[in-house]
Amino acid sequence: MESIKIKKITSVWIITVLVLFVASIVLGILMRLNQGGALNQAPINFYSNMTIHGLTMIGIWFVAGMAGINFLMERYVKTSYKANLTAFILTVIGVVMLWVITLVGKFHVAWTFLYPMPFKIMWAKWATPAFLVAMSILSIGWLIWSISMMTQILKKYSIAQAFAWQHFTKDPSVKTPPFILISMITLVGVITCLFVAVVLMALYFAEFLSKGSFVNDALLMKNLTYFFGHTIANEMLYLGLAVLYELFAEVGGKAKWQTSWYVALAWNFTLIFILTAFFHHLYMDFVQPEGFQIIGQLASYMASLPAAAVTVFSVWVAVYRTKIKWSLTNLLFFIGVAGWVIGGFGAVIDATISNNVVLHNTLWVPAHFHSYNVMGNVLFSLAFFYWFSIQFTEKVVNERLSKLVLSLLIIGGAGFLLAFYLGGADSIPRRYSNYPAEFTSAKPLALVGAAFATVYLIPILILFVTITKRCIKVLFSSR
Amino acid sequence: MYKSFVFFALIVLLTHSSSAQSFSDAMKEEINIYQKIYDAPLQVAGKPPASFKEFYSQQPFVLALVFTRCVGICSPFLVNLKETIQLQPFEKDFKIIVVSFDPWDTADEMELLARNLGLKSDPKWIFAVTDSIDQMNRSLGFDPVWDSVRMQFDHDALLVGINGDGYITKKLIGLRERNELNQLVASIHNVFSPTYRLPNPNILFSCFNYDPISGKNKPGLGLAFLALPAVMAVGVLLIVSMSVRKRKIL
Ligand code: HEM
C-alpha cells in the first residue's frame, strides 16, 4: 500500500527523532542533577542546555507526529514525498543550527525566546541572527509540509467533509474517518501557528535590521510568541491522537472507529478554542485587557475537555469488558491517554485564573506539560514507531522485554513527574539553575526527579535500539 | 527659521543628554535589587546597639544614605523627603533609617543632624552610624568616592526600600516625586506597582495605545497582527480548496 519512498523517509524521521530524544533526555537529567546540587554547571551552561532541550523536544515530537500522520495518510490519499523530504532537509538544517547556536554560541533565552531577550546579547553576537534564521527555516519547512498534506486531503474531501460537518445531520452520505478529521483539524491549527511564527520572525528581523528605528511592542511579541509556542505544543499532541484513532482499534483486532456527531463536535471545538487558549500565558500581564484573560480561561477548558472526553470514552468503550489483543503498541497508546489526561487535568488547574496566581511559573508548569509529553504524546509516537518498525521486518516480539519496557516507563515517568508536581505545589519556581536555601524541598526533589528520569531513560534506550535496528533494515531494503 | 532650528537642535541635545543621564541612573537603580541588605550593626545615640535585621523584622524601612559634613545634595535630599512625607502621610507604616557612610561621623553628630532637621523626636525617623560601611555599601550597590580636594564624597542621593525580610525591593536616586515614593513604599510592603512603557514613535504596531487625555488604552494596529495568521490560514484553506476542487469549496 505505502510506497517504498514513504517507508524510507518515515524510517529516517524515526531514527532522527530517537537520536535527538536520547540526547535531550540526557540534557534534562543533567539539568535536574544541577538543580539538585549534584553538579555545578555555570548558569550560562544550564540555560543553554535548557534552551536546546526545550526547543529540541518540541521540534522532534512535532515532526514525529507529522511523520506519523503522513505515513498513515497514504491509506486515504496520496501524499507528497517531495514536501516530506523538503521538510526533513530543512528540519535537519534548522536543528543543527540550533544546537550550534545554543551549545557553541551559548544562546540561552529558553525555548520561548521571549522578546526582547534575544536582543539583549549575552552570548556570541552571531547567535541572535542565526537563531532567527534557524527558526525561519524550520517554520518554512513545516509550513510547506502541512499545507501539502492539507492540500491532499482537500483533493478528496470538501472542507465540510474534512471537518466532518455532515455528521451533524441525521444520515451523513459521506463518512469522514476520524483520522482524516483530526489530521485536518490539526493541520489547520499547525498552519495557523506557523503563520504566527512567520509574522513573529518578520517582526524580529525588522527590529534587528532597522538598528533602532523600528521597535516592537513587547505585549504584541509576547502574545505572538505564545500564540505560536502554546499552539504548536498542543497541536503536536493532536497529531499523536490522530495516529491513536487510526491504530488503536486496528492493533487490538477490533473494528475501526467511526466518526459520530459528538466526535466531530468535540474536534471542531478544539480547532477553534485551541487558537485562543494561549491567552492563559498572559494572566500576569496587567496590560492585557481582562476580557482576553477570561477568553484564555474559557478557551483552555473548551479546547481540552471535549476532545479528552470523547477520546477517553472511545478508548474505554474499546477496552472495557471486551476481548482485545494487547500489544506493546496499544499498551503505549493506553498509558499515553492516561498521561495525557493527568497532564491535561494539571493544565486546566493552572489555566484557572484563581489558581494561576499561586502556580504561575512554578514547577507545576513543567509538571503538567511534561506529563502530557513524557507520559502522553511521546508514548503515542513511540507506539507508532514500534508499530511501524514491525510492519516491514520480522514480527517476533519479546513479551518479557515489552513488560520490562512498560514497567520502567511507568515507574520512571511517574517518579520524574511527581517530583515536579510536589515542587510546584510547594511554590518552587521553574527555570532556576540553582535553588536558594529558602526552598528547602527543591534540591532533594530535583535529585529524586533525576533518579527517576534515569529509570525512564532505560526503556527509551531499549526501544531506541530495537526500533532503530528495524528502521535501518527498512532503509536498506529494496521492497 | 534659523532661530527655530537652533531651538530644535538645543532641545534634541538636551533631551539626549538628559535621557542618557536618566538611563544610567535607571540602570544603577537596578543593581542588587532583590538581594539581601548586609546586616550591619547600627548605633543610634542614646540607644543600645542594634542591626538592620532588628529593624526590618519589626517593620519594613526606607534607608537614606548621607554624611553630616556634606555640603551638597544631602540636606535638600533629606528636607525633600521629610516634607513629602509630612505633607501627605502614607497609608502604610514604615520607618526611615538615615545612615552615614562617612567613617568620621559619630552617633552624636547624626543626632545633631536629626535635631537640625526637626526630626529628633519623630519616632518614624532613626539616625545611625555603622562600623561596617563597606559591607553595607557593597550589599546596596552604593559606591561613594572620596574627593580629597573638595574634602567631600562624590555620591548619589540614594533611597533604598527594604522589606520585612531584609530584601532590597526598590532604589531611587536623586530628589524624586511623590508618586515614585509611593512605589517605593508599596514595594517594601510587597505590593506590586504596574509600570507602563512610555510612548515611543518607533513602535508602530502596539496592541494598545495609551491616551494621556482620557487615561485609557485604545486598541492599536498590533491587535490586527494577532488576527492576521488565522485570517491567512483560512485564506489558504479556501484558496487550496477552490483550486483543487474546481471551485466547489463546501
Ligand atoms: C525524561 C525526560 C525529560 C527530562 C529529564 C526533562 C527535564 C527537564 C528539566 C529539568 C527542565 C527544566 C525545568 C525547570 O523549569 O526548572 C525541562 C524543561 C523543559 N522540557 Fe523537559 N525533560 C524531559 C522530557 C521532555 C519532553 C518529552 C518534552 C517535550 C516533548 C520536554 C520539553 C521541555 C520544555 C519545552 C521545557 C521548557 C524549557 C524552557 O523553559 O525553555 N521535556 N525539562
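For clarity, every value in this text was computed on a predicted model and none was experimentally measured.

**So, the overall build of chain A**
When helices and strands are tallied, chain A shows 14 helices and 0 strands. The linear arrangement of helices and strands in chain A, starting from the amino end, is α-α-α-α-α-α-α-α-α-α-α-α-α-α. The principal-axis extents of the C-alpha atoms in chain A amount to approximately 55 × 50 × 45 Å. A buried classification covers 62% of the 479 residues belonging to chain A. The contacts of chain A with a sequence gap of at least 6 include a subset with a gap of at least 24, amounting to 82%. Looking at chain A, you have 31 positive and 15 negative side-chain charges, and the mean spots of the two groups are 12 Å apart.

**Description of the nonpolar core**
The biggest cluster of nonpolar side chains holds 182 residues, and the ones touching the most others in it are Trp61, Trp267, Leu382, Phe384, Phe385 and Tyr456 of chain A. Once residues lying within four places of it in the same chain are set aside, the contact partners of Tyr456 of chain A are Phe21, Ile25, Val374, Met375, Val378, Leu379, Leu408, Leu409, Gly412 and Gly413 of chain A. Within the second largest apolar cluster, 58 residues are counted, among which are Tyr56, Val62, Ile133 and Leu181 of chain B.

**Comments concerning the packing of helix 7 (residues 218-251) of chain A against helix 7 (residues 222-244) of chain B**
Running from amino to carboxyl end, helix 7 of chain A crosses helix 7 of chain B at an angle of 10°, the nearest separation of the two axes being 10 Å. Classed by the angle they form, the pair helix 7 of chain A and helix 7 of chain B counts as roughly parallel. For the pair helix 7 of chain A and helix 7 of chain B, the sense of crossing is right-handed. Only Gly222, Phe225 and Leu226 of chain B of helix 7 of chain B make contact with helix 7 of chain A, whose side of the interface consists of Leu220, Asn223, Leu224 and Phe227 of chain A. A per-class count over the contact of helix 7 of chain A with helix 7 of chain B returns 5 nonpolar, 2 polar and no charged.

**Considerations on the interface of chain A and chain B**
The partner chain B presents 32 residues to the 37 residues of chain A that form the contact. If you sort the residues of chain A by the area they bury against chain B, Ile159, Phe195 and Phe286 of chain A come out on top, with a joint share of 21%. There are 0 salt bridges connecting chain A and chain B. Our count for the contact surface shared by chain A and chain B stands at 4 residue pairs in polar contact (both at pLDDT 80 or more). For the side of chain A that touches chain B, the secondary structure elements donating two or more residues are helix 4 (127-156), helix 5 (159-162), helix 6 (178-210) and helix 7 of chain A. Top element by residues in the side of chain A that touches chain B is helix 6 of chain A. It accounts for 8 residues.

**What to know about the coordination of the iron atom of the ligand**
As a benchmark, a tetrahedral metal site with four donors has ideal angles of 109.5 degrees, while an octahedral site with six donors has ideal angles of 90 or 180 degrees. Residues and elements named next belong to chain A. Every protein donor of the iron atom of the ligand is listed here as His53 (NE2) and His370 (NE2), and their distances to the metal cover 2.0 Å. Here the iron atom of the ligand is ringed by 6 donor atoms whose angles at the metal span 88 to 179°, and the overall shape comes out octahedral. Within this pair, whereas His53 is found in helix 2 (residues 43-73), its partner His370 is found in helix 12 (residues 364-391), the two being separated by 317 residues in sequence. His370 matches His53 in its accessibility class, with the two residues each being buried.

**Points about the pairing of strand 11 (residues 216-219) of chain B**
All names here are of chain B. Sheet topology note: the strand 10 (residues 208-211)/strand 11 ladder contains 4 bridges and is antiparallel. Among the inter-strand pairings, Asn209 is bridged to a residue of strand 11, identified as Lys218. Counting the residues that bridge the hairpin from strand 10 to strand 11 gives 4 residues, and of these Gly215 lies at a positive phi of roughly 75°.

**Describing the environment of Phe369 of chain A**
All names here are of chain A. Mapped onto the elements, Phe369 comes out in helix 12. Using a relative accessible area of 24% as the deciding quantity, one classes Phe369 as partly exposed. When the C-alpha atoms of Phe369 and Gly343 are compared, they prove to be 6.3 Å apart, with 26 residues separating the residues in sequence.

**Side note on the pattern of salt bridges**
What the rule picks out here adds up to 15 salt bridges over all chains. Notably, a salt bridge pairs Arg75 of chain A with Glu250 of chain A, separated by 2.7 Å at the nearest N-O pair. Separated by 175 residues along the polypeptide, Arg75 of chain A in the loop between helix 2 and helix 3 (81-104) and Glu250 of chain A in helix 7 bring together distant segments of the chain. Its relative accessible area of 22% is what places Arg75 of chain A among the partly exposed residues. Judged by relative accessible area, Glu250 of chain A falls into the partly exposed class, the value being 30%. A salt bridge links Arg150 of chain B to Asp147 of chain B, with the shortest nitrogen-to-oxygen separation between them at 3.3 Å. What makes Asp147 of chain B partly exposed here is its relative accessible area of 23%. A single network of salt bridges, built from pairs that share partners, joins Arg75, Glu246, Glu250 and Lys256 of chain A.

**What about the site of the ligand?**
Residue and element names in this part refer to chain A. Lining the immediate surroundings of the ligand are 28 residues, of which Gln35, His53, Trp111, His370 and Arg431 lie closest. The separation between a nitrogen atom of the ligand and a polar side-chain atom of His53 is 2.8 Å. Within the contact set of the ligand, an oxygen atom lies 2.6 Å away from a side-chain nitrogen or oxygen of Arg431. Taken together, the elements giving at least two residues each to the shell around the ligand come down to helix 1 (4-35), helix 2, helix 12, helix 13 (399-425) and helix 14 (442-476). Ranked by the residues each element gives to the shell around the ligand, the list is headed by helix 1, at 7 residues. Counted by class, the shell around the ligand contains 19 nonpolar, 6 polar and 3 charged residues.

How each quantity is defined
Residues numbered from 1 in each chain as written. Chains lettered and ligands numbered in written order. Predicted model: local features only at pLDDT ≥ 70, side-chain atom pairs only at ≥ 80, totals over all residues. Heavy atoms only, no water. Helix = DSSP H or I, 4+ residues; strand = E, 2+ residues; numbered from the N terminus. Buried < 20%, exposed > 50% of the residue type's maximum accessible area, 1.4 Å probe, protein only. Contact = heavy atoms within 4.5 Å. Lys, Arg positive; Asp, Glu negative; His and termini not counted. Charge placed at Lys NZ, Arg CZ, Asp CG, Glu CD. Core = buried A, V, L, I, M, F, W, Y, C linked by side-chain atoms within 4.5 Å. Axes fitted to C-alpha atoms, helices over the stretch in contact; angles between N-to-C directions. Parallel < 35°, antiparallel > 145°, perpendicular 65-115°, else oblique. Left-handed = near helix turned anticlockwise from the far one by under 90°. Nonpolar A, V, L, I, M, F, W, Y, C, P; charged D, E, K, R; others polar. Buried area = accessible area lost by both parts, 1.4 Å probe. Salt bridge = Lys/Arg side-chain N within 4 Å of Asp/Glu carboxyl O. Polar contact = N/O pair within 3.5 Å; in protein donor to acceptor, adjacent residues only side chain to side chain. Donors = N, O, S within 2.8 Å, 3.2 Å for Na, K, Ca; no water. Tetrahedral: all angles 85-135°; square planar, octahedral: opposite > 155°, others 65-115°. Pairing = 2+ DSSP bridges. Near = heavy atom within 4 Å.

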